[in-house]
Structures are given as structure tokens and as C-alpha cells.
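Each chain, written out:
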Amino acid sequence: MPPQLRLNAVAFVSSQNHPILIRTFSQPKQDELKYHYIAHTSLDVIDERITAAGATKSTECYLGLLYVEDVAVYGYMTPLKVKIIIALELSDNVVRDIDVITISQALHTAYRRSVANPFLRLHAPSDNVTDHAVVVSAGSQKWKLFRERVDEICRAVTLPAAA
């Protein structure tokens with residue numbers, strides 16, 4: 001049986017490093033500010049890794065374990081430079097990269113499907129907006145389905161596997 005992962009937070013950050021969505025799943029809601037800090041701190045580590053890998057022109061989206069604080073923080077960057085930051089609860093279990101990659105790809109698919117919605121940008125200020133953070137607002141009703149998809153992925157990850 002694979003180890004049980006506990007997803008504490010997920011952050012989507014645009015290519016210009018504007019937060020698109022930061023969703024927390026930890027019990028005390030006062031931790032939301034902590035996960036905003038973790039997301040912004042992770043951007044520095046991601047930038048360092050991208051700069052270091054710049055000479056090799058890597059096409060790998062998965063950035064691996066970024067750092068460990070009181071949670072394990074993993075990074076994933078889409079081909080359009082949207083960064084997905086995942087905070088997992090620390091445990092004694094070994095976290096396999098394939099598990100984190102699968103979660104990242106599911107989150108990327110949820111984001112991609114939401115952005116591909118032709119009605120999403122109906123009231124956008126301009127049709128040639130390149131940074132979706134301008135259009136996206138975490139509280140926006142238009143992005144309700146996206147938030148629900150992210151919550152659904154979190155529940156699927158944290159629910160115990162059926163025997």
C-alpha cells in the first residue's frame with residue numbers, strides 16, 4: 001500500500017510571479033499567511049533552479065523537493081512558466097517523486113482546463129492579456145470550478161486508499 005500523503009497547501013503562481021491561487025487545506029485557518037510566505041519563498045528557490053538549469057535547457061517540468069521547513073515543499077513549472085507549489089505535511093513515510101509528479105500533473109490539468117474555458121475571460125480588460133493573474137482572482141465566481149477541481153484533487157490525495 002502506498003504511503004498516505006497529506007496535502008497542506010497548493011499555490012499557483014503566474015509567469016510574472018503573481019499569485020493566481022493559494023489554497024490551504026490545513027486545519028487551523030490561521031496558517032493561511034504561513035502558506036503565502038512559503039509560496040513566495042519557493043519562488044526564490046525555483047528561480048535559482050531555473051537559472052542553474054538554464055545552460056542545459058531542460059524540458060523537465062518537475063522541480064523536485066524545493067526545501068523542508070515544517071512542511072515539505074515541492075515545485076512544478078508548466079511549459080507556460082506557471083509555477084505550481086505543493087506543501088506536503090512532514091511524515092516518516094518516504095514520499096516518492098512519482099506521487100508528487102502525479103499530483104502536480106493533475107493540478108496542471110485542472111488549471112489548463114480552466115484557462116481553456118472560452119467563457120472564462122468574458123469580461124477581461126483586454127483580449128491580449130499574457131498574465132492570467134490579471135484576470136484571475138481567487139474569489140472570482142468565474143474560477144469556482146477551478147477551485148473545486150483543486151479541492152477534489154486534494155481530497156483524492158488525502159483520503160485513505162480503499163482496501
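Residues numbered from 1 in each chain as written. Predicted model: local features only at pLDDT ≥ 70, side-chain atom pairs only at ≥ 80, totals over all residues. Heavy atoms only, no water.

A few words on the overall build of the protein. Along its length, the protein carries 4 helices and 5 strands. For the protein, the sequential pattern of α-helices and β-strands runs β-β-α-β-β-β-α-α-α. Sequence-distant contacts in the protein: of pairs separated by 6 or more residues, those separated by 24 or more amount to 53%. Accessible area of the protein: about 9400 Å², with a carbon and sulfur share of 56%. (Helix = DSSP H or I, 4+ residues; strand = E, 2+ residues; numbered from the N terminus. Contact = heavy atoms within 4.5 Å. Areas by Shrake-Rupley, 256 points an atom, 1.4 Å probe, with all protein chains shown as cover.)

Time to look at the environment of Glu148. If you trace the backbone, Glu148 turns up in helix 4 (residues 144-158). Along the sequence, Glu148 and Ala110 sit 38 residues apart, while their C-alpha atoms lie 9.4 Å from each other.

Glancing now at the packing of aromatic side chains. In the structure shown here, the tally under the stated rule is 3 aromatic pairs. Relative to Phe146, the ring of Phe12 lies with its centre 5.0 Å away and its plane at 70°, an arrangement referred to as edge-to-face. Here the residue Phe12 occupies a position in strand 1 (residues 7-13), and Phe146 occupies one in helix 4, the gap between them amounting to 134 residues. Pair check on accessibility: Phe12 and Phe146 agree, each one buried. Residues Tyr111 and Phe146 carry aromatic rings whose centres are separated by 5.8 Å and whose planes lie at 65° to one another, so their mutual orientation is edge-to-face. (Phe/Tyr/Trp six-rings, centres within 6.5 Å; stacked < 30°, edge-to-face > 60°. Buried < 20%, exposed > 50% of the residue type's maximum accessible area, 1.4 Å probe, protein only.)

One can find Lys81 in the loop between strand 4 (71-77) and strand 5 (83-89). When the C-alpha atoms of Lys81 and Ser15 are compared, they prove to be 4.8 Å apart, with 66 residues separating the residues in sequence. In this structure, Lys81 is in contact with Val13, Ser14 and Ser15, ignoring residues within four places of it in sequence.

As a further point, take helix 4. Taking 1.5 Å of rise per residue, 15 residues should cover 21 Å, and helix 4 covers 21 Å from first to last C-alpha, within 8% of that figure. Lining the buried residues of helix 4 we find strand 1, strand 2 (19-24) and helix 2 (97-115). (Expected span 1.5 Å × (residues − 1).)

Here the focus is the sheet that holds strand 1. In a beta sheet, neighbouring strands are held together by backbone hydrogen bonds and run either parallel or antiparallel to one another. Pairing is antiparallel across the open sheet formed by 5 strands, whose spatial order is 2-1-5-4-3. Every other strand in the sheet has two partners, leaving strand 2 and strand 3 (62-68) as the edge strands with one partner each. When strand polarity is set aside, the average angle formed by the axes of neighbouring strands in this sheet is 15°. In this sheet, strand 4 lies alongside strand 3 in antiparallel orientation, the contact comprising 5 bridges. Residue pairing in the sheet places Val68 in a bridge with Ala72 of strand 4. Strand contacts of helix 2: strand 1, strand 2, strand 3, strand 4 and strand 5, with the helix running at about 135° to strand 5, the strand carrying the most contacts. Contacting strand 1 and strand 2, helix 4 runs over the sheet at an angle of about 40° to strand 2. (Pairing = 2+ DSSP bridges. Axes fitted to C-alpha atoms, helices over the stretch in contact; angles between N-to-C directions.)

This part covers a nonpolar patch on the surface. Together, Leu65, Val68 and Leu90 make up an exposed nonpolar region whose accessible area comes to about 240 Å². The topology assignment puts Val68 in strand 3. (Patch = residues over 30% accessible without salt bridge, like charges linked within 9 Å, V, L, I, M, F, W, Y side chains within 5 Å. Salt bridge = Lys/Arg side-chain N within 4 Å of Asp/Glu carboxyl O.)

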